[in-house]
Amino acid sequence: MQTVNTQTLIERASALLKDGTVSAVLGWKRGEFDYDMTPAVFTTEEELSAGFVYNDFCGANLSKYLLKKTREIQGKILVFLKPCDTYSFNQLLTEHRIHRENAYVIGVPCNGMADIHSIRKITGEGIARVELTDSGLLVHTLYDDAPVAVSYEDAMADRCKTCKSKKHVAYDELLGEEGDVLDSHRFDEVAKLEAMTPDERFAFWQGELSRCIRCNACRDVCPACTCEKCVFDNPDSGVENKAPGGDFEEKMFHIIRAFHVAGRCTDCGECSRVCPQDIPLHLLNRKFISDINKTYGEYQAGETADQRPPLVNFTQNDPEPSDVVKGGHDHA
Amino acid sequence: MLKCNLSQLDNLFAAVAEAMPLYLPTQGKNGANYTKWQSGAVWSNTCNTQKGPKDLFFPQSEDLMAFKTQGKSIEIIDTRNEAEDFAVFGVRACDVKSLEILDRVFLSEPKDSYYASRREHGIIISLACNRPTENCFCGSFGIDASSPNGDVTCWLTEDALYLRANTEKGEKFMALAAPFVTECDDTAAEAQKEKIGKIMARLPLADLKTDAFGGGKTEEFFNSPQWEKLSESCLGCGTCTFVCPTCQCYDIRDYKTNDGVVRYRCWDSCMYSEFTRMAHGNNRNSQKERFRQRFMHKLVYFPENNDGVFSCVGCGRCLAKCPISMNIVKVMKALEGEQNG
């Protein structure tokens, strides 16, 4: 359960709209059910009261929307960012992708977001209502079954179980209590991959990536993917493709994307959240983060807005490529 | 009506699979999907598969033909295989209807021979939905989840599967099933239908209406100010189109190989910036226009050209899968509200 509630956010947003500090509010809008929030822009107090919501189903990271919104808005846009979202925000600032002066950032605390897919795995399908109570979620189904109690921990999205930080690294004002950077154990999942033999690892990724349907949701949601025209959408690039043409192409897309965001990915986990095929794409990126940490020293993308990412920053202490590329497979 | 005790169901599957490829929903890491039955496969009775049976008739990518070059000569190679009979078990009412919608596109002249051949050989064994979910709204499109179409219709109770053949192709399947079934009356199936009807009536989207939409409504909705708001957070990904059982747009490309060219087609998405490029470029330059196209096609243009039939079957996959939870239900309610308000 979140410590700051919808009403607190609506009141603050309404006040900032009223005194002219901001001309629009970027937040989450209530949907048809208790869990299907949509990112939306609100411009009046009435709109906020009618639809704005902040609760355990507001997982969407709003920072990437600022790319467009801060360029087109007259005045400032208020955006609510959770701690992990603020890392994306900083990274976008680092890359000069958003107009900082047109954004008013309110940091909101986050206790971890629930994921409807995690919940369905416990309760089954046919969710009529989800009550958020102090002790956990109470899930009512459409059938004659008794409601199912699900703990917040069990309902949580996988990415939130290894949350790296409850601390906001960028904001104009903060609601609620500030948190700390956490010892997340998020690299344990990478260690599991590294412990595999090359053949096992290949089989693992083949199994995962062969489900890819090339919907591009991972790329389109990614705050690090901000190219005006992606190479995979560009008919003149020679590598444009709209469907997986075979096992190889699927790997091409995801691996090239992972290389492209390496050193810039903040590990927000949106890629895995949106994947309709449940592919743990964040693990590819996290492996790169882990390698960068080992090779160039600890680095967290988005920690501040003025860092030089290690892969574009030459120092005399940089290891030689031959020290780094040892390869993991005996091809002989 | 025939009855197959559930203890005999795997034997029935095995017998069918012996005679022809049998596809049915099985549980995978990300939910159920249609897979080819093999010994030991466990059929999943989940309400809806992640992707519909569309792939079995209209695969995401397929080769259309090949060209082999030698010097200045070009040989055109027909890469089609004569499709063999196959059976698809457990198809829900919405997905059966989705194939009828695809038929209108691919089987109208000039017929798409690739699709037509698979349709001709595919036997659809449908199954009533015992547990429709909150995302289901097939009823809004006149589909009865308790009584699906198909070559064979099935109903499932706690201990048995009840089967009724509807077509000649269905009889072919029934002949294979014969050793595992017994004759019975339709009491159990009727009771199951009634149970399903009660759940359908209390689905959260049961009252979704389509009256506001249909052919001839282009003027009314095309310039609606709602599109701006509805599309503002759309990522422009292709998830909704790729999980949709009725989306049928594709692209055709040539792929160069060492000694020739392979011409293939693959699904395309109206949500993509490179969709339907024309000599002058793309005719829909903003995500708002692309978003509008998808819903106008389903709710207005398609019925206009197809005797009032909408190209949505209310399967709810886009509701379950959209990364930002924007979908046709929200669009319909917003546009309808505007009309009424």
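Residues numbered from 1 in each chain as written. Chains lettered and ligands numbered in written order. Predicted model: local features only at pLDDT ≥ 70, side-chain atom pairs only at ≥ 80, totals over all residues.

Undergrad: Could you give me a rundown of the overall build of chain A, with the residues and numbers involved?
TA: A tally of helices and strands in chain A yields 14 helices and nine strands. Against the globule reference of 20 Å for 332 residues, chain A gives a C-alpha radius of gyration of 21 Å, in line with a compact fold. When its C-alpha atoms are laid out on the principal axes, chain A stretches across 65 × 55 × 40 Å. Of all 332 residues assigned to chain A, the portion counted as buried reaches 43%. Counting only contacts in chain A whose residues sit at least 6 apart along the sequence, the fraction spanning at least 24 positions is 69%. (Helix = DSSP H or I, 4+ residues; strand = E, 2+ residues; numbered from the N terminus. Rg over C-alpha atoms; globule rule 2.2 N^0.38 Å. Buried ≥ 20, exposed ≤ 12 C-beta atoms within 10 Å, placed from the backbone. Contact = placed C-beta atoms within 7 Å.)

Undergrad: Tell me what's going on with the interface of chain A and chain B, and back it up with residues and numbers.
TA: By a widespread convention, an interface's size corresponds to the accessible area lost as its parts come together. With 33 residues of chain A at the contact, the number on the chain B side is 35 residues. Broken down by secondary-structure element, the contributors of at least two residues to the side of chain A that touches chain B are strand 2 (38-42), strand 6 (127-133) and helix 10 (217-221) of chain A. Take the side of chain A that touches chain B: its biggest share by element is four residues, from strand 2 of chain A. Within the side of chain A that touches chain B, the residues separate by chemical class into 19 nonpolar, six polar and eight charged. (Nonpolar A, V, L, I, M, F, W, Y, C, P; charged D, E, K, R; others polar.)

Undergrad: Give me the nonpolar core: which residues, what numbers.
TA: Here is a general trend for soluble globular proteins: nonpolar side chains tend to be buried in one another's company. If you look at the biggest cluster of nonpolar residues, it comprises 171 residues, and the most contacted ones within it are Val25(A), Leu26(A), Leu78(A), Val79(A), Leu22(B), Ile125(B) and Cys138(B). Beyond its immediate chain neighbours, meaning those up to four positions away, Ile125(B) contacts Ala87(B), Val88(B), Phe89(B), Val91(B), Gly150(B), Asp151(B), Val152(B), Cys154(B) and Phe173(B). (Core = buried A, V, L, I, M, F, W, Y, C linked by C-beta atoms within 7 Å.)

Undergrad: Tell me about the pairing of strand 2 of chain A, residues and numbers included.
TA: Residue and element names in this part refer to chain A. Burial of strand 2 is extensive: five of the five residues sit out of reach of the surface. Side chains Thr 38, Ala 40 and Phe 42 project from strand 2 onto one buried face, and the interleaved Pro 39 and Val 41 project onto a second face that is buried too. Here five bridges tie strand 1 (residues 24-29) to strand 2, and the two strands are oriented antiparallel to one another. Of the residues in strand 2, the one forming a bridge with Trp 28 is Pro 39. (Pairing = 2+ DSSP bridges.)

Undergrad: Give a description of the sheet that holds strand 11 (residues 250-257) of chain B that names residues and reports values.
TA: Residue and element names in this part refer to chain B. The sheet built from four strands is open, its strands ordered 5-4-12-11 with antiparallel pairing. Unpaired on one side and paired on the other, strand 5 (73-78) and strand 11 mark the two borders of the sheet. Mean inter-strand twist for the sheet, computed between neighbouring axes without regard to direction, equals 20°. Where strand 4 (residues 61-70) lies against strand 5, six bridges are found, and the strand directions are antiparallel. Along strand 5, the bridge assignment pairs Phe 67 with Ile 76. (Axes fitted to C-alpha atoms, helices over the stretch in contact; angles between N-to-C directions.)

Undergrad: I'd like to hear about the environment of Ala258(A), residue by residue, with values.
TA: All names here are of chain A. One can find Ala 258 in helix 11 (residues 247-261). Considering only alpha carbons, one finds Ala 258 and Leu 281, 23 residues apart in sequence, at a separation of 8.9 Å. The contact partners of Ala 258, leaving out residues within four places of it in the chain, are Leu 284, Asn 285 and Phe 288.

Undergrad: Explain the packing of helix 8 (residues 188-195) of chain A against helix 13 (residues 282-296) of chain A to me, using residue names and the numbers behind them.
TA: Residues and elements named next belong to chain A. The interhelical angle for the contact between helix 8 and helix 13, taken along N-to-C directions, is 90°, at an axis separation of 9 Å. When the interaxial angle is binned, helix 8 and helix 13 end up roughly perpendicular. Only Leu 283, Arg 286, Lys 287 and Ser 290 of helix 13 make contact with helix 8, whose side of the interface consists of Glu 189, Val 190 and Leu 193. (Parallel < 35°, antiparallel > 145°, perpendicular 65-115°, else oblique.)

Undergrad: Residues and numbers for the domain arrangement of chain A, please.
TA: All names here are of chain A. The domain architecture assigned to chain A consists of domain 1 (6-113 + 163-174), domain 2 (117-152) and domain 3 (188-324). The gap between the C-alpha centroids of domain 1 and domain 3 is 26 Å. Between domain 1 and domain 3, the residue contacts involve 18 residues of the former and 16 residues of the latter. In terms of residue count, helix 4 (residues 83-94) provides more of the side of domain 1 that touches domain 3 than any other element does, nine residues in total. (Domains from an automatic or database assignment.)

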